Amino acid sequence: MKQFTQPPQAWTLARLAELVGGECRGDPGRRISGAAPFEAASGDEISFAVGPFLKRLDTSRAGAFVVPRGAAVAGRDSIEADSPQAAFALILRQFYPRQRPAPGIAPTAVIGSRFQCADGVSIGPQVVIGDGVTLGPGVILHPQVVLGDGVTVGADSEIFPQVTILAGCRIGARVRIQSGTVIGSDGFGYARQGAQYVRIPHRGIVQIDDDVEIGAGNTIDRATYGRTWLQRGVKTDNLVHVAHNVTVGEDTVIVAQVGISGSVTIGRQVILAGQAGVAGHLSIGDQATVGPRAGVARSVAAGEVVS
Amino acid sequence: MKQFTQPPQAWTLARLAELVGGECRGDPGRRISGAAPFEAASGDEISFAVGPFLKRLDTSRAGAFVVPRGAAVAGRDSIEADSPQAAFALILRQFYPRQRPAPGIAPTAVIGSRFQCADGVSIGPQVVIGDGVTLGPGVILHPQVVLGDGVTVGADSEIFPQVTILAGCRIGARVRIQSGTVIGSDGFGYARQGAQYVRIPHRGIVQIDDDVEIGAGNTIDRATYGRTWLQRGVKTDNLVHVAHNVTVGEDTVIVAQVGISGSVTIGRQVILAGQAGVAGHLSIGDQATVGPRAGVARSVAAGEVVS
Amino acid sequence: MKQFTQPPQAWTLARLAELVGGECRGDPGRRISGAAPFEAASGDEISFAVGPFLKRLDTSRAGAFVVPRGAAVAGRDSIEADSPQAAFALILRQFYPRQRPAPGIAPTAVIGSRFQCADGVSIGPQVVIGDGVTLGPGVILHPQVVLGDGVTVGADSEIFPQVTILAGCRIGARVRIQSGTVIGSDGFGYARQGAQYVRIPHRGIVQIDDDVEIGAGNTIDRATYGRTWLQRGVKTDNLVHVAHNVTVGEDTVIVAQVGISGSVTIGRQVILAGQAGVAGHLSIGDQATVGPRAGVARSVAAGEVVS
């Protein structure tokens, strides 16, 4: 999906079906000019319906519906799709593309030496960029983002206002990092010496792979050595804490206020529900589910459900 | 209470009683020049006393006390008030008004087009304001506040340093938002498509009504459609998470590190104690109380106490 | 340890032993040019080994090891030290000193009146400093730090990007405060008046003593009267909440996402593990330990372990 062009005034149902890889049922030429929830949609808008909502389509004024494959809705125009919610999300993104700021560098941005900047980058007011930073094409840095020395950000990533990414961290392509988040803070590592503590220097980085999306107010610590690593497609909600040397596997979901202690390894497609906590040095297998507010004090096998 | 004028050197006890709607006992002409806690107050300062403290007024050097109605303190000057703590808070605010910055716009602020700004507004250094923003009279934006396009802020609201309010959000009058808080981040909404996730665009806003006060480091997500809504008089402590499409009723209190999941509806005068969590799509009735660290997994009736 | 000078190309084992107060075993003249973990170290680097790792030194390519006193490692060069981890941390800090920005004040910093600034201070881009601020020698303020009126910061303290320290707060020497942290927000204090709440003005401050280190995204509220006080050597992890009028004793450790309610008194050398919470007005004795996710609802004696 291009975010740069304005959507057409209206789409035919057939074209929307094609967009989402679904099948058009009813009038393929019906004009659709927007998308809205079940109760709020008007006659020229499309909505979506699953489960019990399929039984009461007559209570919605929507002009058409995205529905599951085989729903065979009678008397209303529809698009059948494997994942109606995902198809509807794509349609929403088509009708209401995120406004992106014009390319260019705001005059109040402060930029260090050896800056490498691809085409179509937008750098907002009062951004501070250290030395040796590299930005891929289409990167958006909203106002008051701070990037430390040597940070790299991949193509089409979007960094929201007041995010700090500290020295050396590497951000992939199509990554989104929401406001107030800190990437690359020093991990909480101290060596005890009598009653006092000596800080262990943190020489590692944070690596965030493509298509990761990070919520607001997260804190993601750099590794003591090597990297703290969020792999492709990870999604985090708000106020999530990820300690040093944690690895989070592809397409894992971390809900709000979860805390992950140091050196934890989390597999792919794991779900960590809200306010859960994971103790240090454990591993959580692929496709495991940790329930809301669960405290994980032992390693979790692949596919296991913990609550 | 005006915050703009310096308080007089001293007040008579009678005038302070009038200020708080209380009754003066003892010498109405006693001069009071400040207010302080029970143990710290000196002879020309007023303090307050309730419960066991009423039995040992002789251990305080305070010149006078705010006490409950009917306390009938003997031998010491006092003001009797319905809520001694609230009356004392008003007296504190009278003697020690918050210093407000001088009106005006700092030269390092960056302001977008179509800016509407009423009288008496203070905009601090390095504030960034998008296009189409409206500020009511007396609004204070402390340094490094970021306001997105189309944000409105009502009369006499105060936004502390390093707060981000994203596009389209509406802030009422006399609202306070403390440092590090993010208003209007995208909600955590994804549609699953196979093993991966498609982000659901968030077209809604956050609406914050009059007299709401928000602590430091909060994250309040915008609605998927419509609004996330904090109604009049809500108070939140620090590091509180409010997800998309949540409604919080009038005069509800949310203590530190509480997390509220998506589409939860909370009534009026509810208390959510520290580190509690509420699962998605539930409702919590008026005047209910959720205890510290409670995990709420079912809806709560009006007046119910959950721990 | 000086952070200003480049380390020599290489050290002899004997000199490193002297640096950490340890004893050199094997070849005192062995050249060591770096330090790395057990698995990652190369032949000219030093590592450290304790416990089971001592039995399999032959699986590491490290040129030498820091080991416990009396380990009497055969066939490999070593330094014996009382606390091998602390000694190794010191060696790491010697080889990889934190790069510090050059002294000076960035032209985009905004500085108030009556500014007192000692030698060797570094003030980064877009820092905002209020009136009457005092900075000791060697202080580093990274980009976009905000200091309110009357703040003092002691010698060699380092404040990371996007930290806010509000009016009147006092920061000691060699303090580190990581990004996104807020010091001196108003405490969550309200007096009830009918169904509504009157805010209690917060006239106190936050005092942070020498050698305290604070993680990212913390919120530390100012006192209602007097001070919220973190004493010498306290360490906090990320997303920690400290309410008004809390006292935390020397060398106490507070792990991520802990919340401490108002007026709590915590002793020396206490450990509060991750996601724990402490209710208001309690006290926790010296050297007590509060386990992960524990909710503390009564006072804890010195040395007690609570989970």
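The shown structure was predicted, so the numbers you read here are calculated from the model rather than taken from an experiment.

(A) Here's a closer look at the overall build of chain A. When you go through chain A residue by residue, the secondary structure sums to 2 helices and 39 strands. Along the first, second and third principal axes, the C-alpha atoms of chain A reach 75 × 50 × 25 Å. Across the 307 residues that make up chain A, the buried fraction comes to 58%. A separation of at least 24 residues holds for 20% of the contacts in chain A among residues at least 6 apart in sequence. Accessible surface for chain A amounts to roughly 11300 Å². Of this, 50% is attributable to carbon and sulfur atoms. In chain A, 27 positive and 26 negative side-chain charges are present, and the distance between their average locations comes to 3 Å.

(B) Expanded view of the relation of the copies chain C and chain B. Mapping chain C onto chain B calls for a rotation angle of 120° and an axial translation of 0.0 Å; the resulting RMSD is 0.0 Å. Accordingly, the operation relating the two chain copies is best matched by a three-fold axis. Considering only C-alpha atoms, the part of chain C nearest the rotation axis is Gly180 of chain C, at 3.9 Å.

(C) Geometry of the pattern of salt bridges. Residues and elements named next belong to chain A. Within this structure, the stated rule accounts for 51 salt bridges over all chains. Of the charged contacts in the structure, one is a salt bridge between Asp77 and Arg30, with a shortest N-O distance of 2.5 Å. Separated by 47 residues along the polypeptide, Asp77 in the loop between strand 6 (64–68) and strand 7 (78–81) and Arg30 in the loop between strand 2 (23–25) and strand 3 (31–32) bring together distant segments of the chain. Assessed through its relative accessible area of 28%, Arg30 is described here as partly exposed. Here Asp82 makes a salt bridge to Arg69, at a shortest N to O gap of 2.7 Å. Of this pair, Asp82 sits in the loop between strand 7 and helix 2 (84–95) while Arg69 is found in the loop between strand 6 and strand 7, placing the two residues 13 residues apart along the sequence.

(D) Main features of the interface of chain C and chain A. Across the boundary between the two partners, chain C contributes 43 residues, which contact 44 residues of chain A. When the two sides are added together, the surface that chain C and chain A hide from each other amounts to roughly 3400 Å², 56% of it contributed by carbon and sulfur. Area buried by chain C at its contact with chain A is led by Arg93, Gln162 and Arg293 of chain C, which between them contribute 14% of it. The tally of links between chain C and chain A comes to 3 salt bridges. Applying the counting rule to chain C against chain A returns 22 residue pairs in polar contact (both at pLDDT 80 or more). Put simply, the parts of the chain that give the side of chain C that touches chain A at least two residues each are helix 2 (84–95), strand 28 (235–236) and strand 31 (253–254) of chain C. Here the side of chain C that touches chain A gets 6 residues from one element, more than from any other, and that element is helix 2 of chain C. Looking at side-chain class alone, the side of chain C that touches chain A contains 19 nonpolar, 15 polar and 9 charged residues.

(E) Main features of the packing of aromatic side chains. All names here are of chain B. Counted by the stated rule, this structure contains 18 aromatic pairs over all chains. For the pair Phe95 and Tyr96, a centre-to-centre distance of 6.2 Å together with 45° between the ring planes defines the contact as tilted. The class of Phe95 is buried, set by a relative accessible area of 7%. A relative accessible area of 26% places Tyr96 in the partly exposed class.

(F) The sheet that holds strand 37 (residues 289–290) of chain B, seen in detail. Residues and elements named next belong to chain B. One open sheet accounts for 11 strands, arranged 8-11-14-17-20-25-28-31-34-37-39; its pairing is parallel. Every other strand in the sheet has two partners, leaving strand 8 (104–105) and strand 39 (305–306) as the edge strands with one partner each. In this structure, strand 11 (residues 122–123) lies alongside strand 14 (residues 140–141), joined through 2 bridges in parallel fashion. Within the sheet, the bridge partner assigned to Ile123 lies in strand 14 and is Leu141.

(G) Fine view of the sheet that holds strand 29 (residues 241–242) of chain A. Residues and elements named next belong to chain A. Across the sheet, which stays open at both edges, the 10 strands sit in the order 9-12-15-18-21-26-29-32-35-38 with parallel pairing between neighbours. Every interior strand has two partners, whereas the edge strands, strand 9 (110–111) and strand 38 (295–296), have only one. Across 2 bridges, strand 29 lies against strand 32 (residues 259–260) in parallel orientation. Bridge pairing in strand 32 places Val242 opposite Ile260.

(H) The interface of chain C and chain B, seen in detail. In this assembly, 44 residues from chain C lie in contact with 43 residues from chain B. Between chain C and chain B, roughly 3400 Å² of surface is buried when both sides are summed, and carbon and sulfur atoms account for 56% of that area. When residues of chain C are sorted by the area they lose upon contact with chain B, Phe188, Arg199 and Arg203 of chain C head the list and together hold 19% of the total. One salt bridge in this structure joins Asp186 of chain C and Arg98 of chain B, with 3.3 Å as the shortest N-O distance.

(I) A look at helix 2 of chain C. Residue and element names in this part refer to chain C. The terminal C-alpha atoms of helix 2, which comprises 12 residues, lie 16 Å apart, in line with the 16 Å expected from a rise of 1.5 Å per residue. Among the 12 residues that make up helix 2, 9 are buried, leaving the element largely enclosed by the rest of the structure. Of the residues making up helix 2, those classed as buried are Pro84, Ala86, Ala87, Phe88, Ala89, Ile91, Leu92, Gln94 and Phe95.

(J) Examining the domain arrangement of chain A more closely. One can read the domain layout of chain A as domain 1 (8–95) and domain 2 (104–306). The gap between the C-alpha centroids of domain 1 of chain A and domain 2 of chain A is 36 Å.

(K) The arrangement of unusual backbone geometry in detail. Residues and elements named next belong to chain A. Positive phi, close to 60°, is recorded for Asp251, a residue that is not glycine. Here Asp251 lies in the loop between strand 30 (247–248) and strand 31 (253–254). You can call Asp251 buried: its relative accessible area is 3%.

(L) Molecular detail of the pairing of strand 27 (residues 227–230) of chain C. Residues and elements named next belong to chain C. Burial along strand 27 is one-sided: the residues Thr228 and Leu230 are buried and none of Arg227 and Trp229 is. With 4 bridges joining them, strand 24 (residues 205–208) and strand 27 adopt parallel strand pairing. Paired with Ile205 across the bridge in strand 27 is Arg227.

(M) Molecular detail of the pairing of strand 27 (residues 227–230) of chain B. Examined bridge by bridge, strand 27 of chain B and strand 30 (residues 247–248) of chain B share 2 bridges and lie parallel to one another. Pairing of Trp229 of chain B across the sheet is with Thr247 of chain B, part of strand 30 of chain B.

(N) The arrangement of the side chain of Asp237 of chain C in detail. Tracing the chain through its elements places Asp237 of chain C in the loop between strand 28 and strand 29 (241–242). Although Asp237 of chain C is buried, it makes no salt bridge; Arg176 of chain C carries the closest opposite charge, 11 Å away. Discounting residues that sit within four places of it in the chain, Asp237 of chain C has contacts with Phe188, Asp221 and His241 of chain A together with Gly215, Ala216, Asn218, Ile254, Val255 and Ala256 of chain C.

(O) Spatial organisation of the confidence of the model for chain A. Overall, the prediction assigns chain A a mean pLDDT of 95, with 97% of residues at 70 or greater. In the predicted structure, residues 1–7 of chain A sits below a pLDDT of 50 and forms 11 contacts with residues beyond four places in sequence or in another chain.

(P) A look at the environment of Ser33 of chain C. Here Ser33 of chain C is to be found in the loop between strand 3 (31–32) and strand 4 (34–35). C-alpha of Ser33 of chain C to C-alpha of Thr12 of chain C: the two residues are 21 residues apart in sequence and 8.7 Å apart in space.

(Q) Seen up close, the side chain of Ser78 of chain B. Positionally, Ser78 of chain B belongs in strand 7 (residues 77–81). Among all residues touching Ser78 of chain B, those that are not within four sequence positions of it are Leu13, Glu23, Cys24, Arg25, Phe65, Val67 and Val73 of chain B.

(R) Here's a closer look at the environment of Ile177 of chain A. All names here are of chain A. Turning to its location among the elements, Ile177 is positioned in strand 20 (residues 176–177). Taking the C-alpha atoms as reference points, Ile177 and Ala167, 10 residues apart in sequence, are found 16 Å from one another. Ignoring sequence-local partners within four residues, the contact set of Ile177 consists of Glu158, Ile159, Phe160, Val163, Ile165, Ile171, Ile183 and Ile214.

About the criteria used
Just so you know, the residues in each chain are numbered from 1, in the order the chain's sequence is written. A letter from A marks each chain and a number from 1 marks each ligand, given out in the order of writing. The predicted origin of the model limits local features to residues at a pLDDT of at least 70 and limits the giving and counting of side-chain atom pairs to 80 or more, whereas totals for whole chains, interfaces and linings rest on all residues. Excluding hydrogens and water, the side-chain values take into account all heavy atoms of the structure. Runs of H or I in DSSP of at least four residues are treated as helices and runs of E of at least two as strands, each being numbered from the N terminus. To sort residues, take the accessible area from a 1.4 Å probe on protein chains only and compare it with the maximum for the residue type: under 20% means buried, over 50% means exposed, and anything in between is partly exposed. Only heavy atoms enter the contact rule, under which two residues are in contact if any of them lie within 4.5 Å. Per-residue and other accessible areas follow the Shrake-Rupley method at a 1.4 Å probe size, with only the shown protein chains counted as cover for residues. Neither His nor the chain termini are counted; the positive set is Lys and Arg, and the negative set is Asp and Glu. Charge coordinates come from a single atom per side chain, which is NZ of Lys, CZ of Arg, CG of Asp or CD of Glu. Least-squares superposition aligns the copies on the C-alpha atoms of those residues with pLDDT at or above 70 in both. The term salt bridge refers to a pairing of a side-chain nitrogen on Lys or Arg with a carboxyl oxygen on Asp or Glu at a separation within 4 Å. The buried area of a pairing is the accessible area, by a 1.4 Å probe, that goes missing from both parts when the two are put together, added over both. As used in this structure description, the phrase polar contact means that two N or O atoms lie within 3.5 Å; if the pair is within protein, one of them must be able to donate a hydrogen and the other to accept it, and residues adjacent in sequence are counted only when both atoms belong to side chains. We call Asp, Glu, Lys and Arg charged. Ala, Val, Leu, Ile, Met, Phe, Trp, Tyr, Cys and Pro are nonpolar, and the rest, Gly among them, are polar. Whether two aromatic rings pair depends on their centres lying within 6.5 Å, for rings of Phe, Tyr and Trp, where Trp uses its six-membered ring; planes under 30 degrees apart make the pair stacked, over 60 edge-to-face, and the rest tilted. Strands pair, by our definition, only if DSSP identifies at least two bridges between them. The span expected for a helix works out to 1.5 Å for each residue beyond the first. Start and end positions for the domains come from either an automated domain assignment or a database one. The predictor rates its confidence in each residue with pLDDT, a number between 0 and 100.

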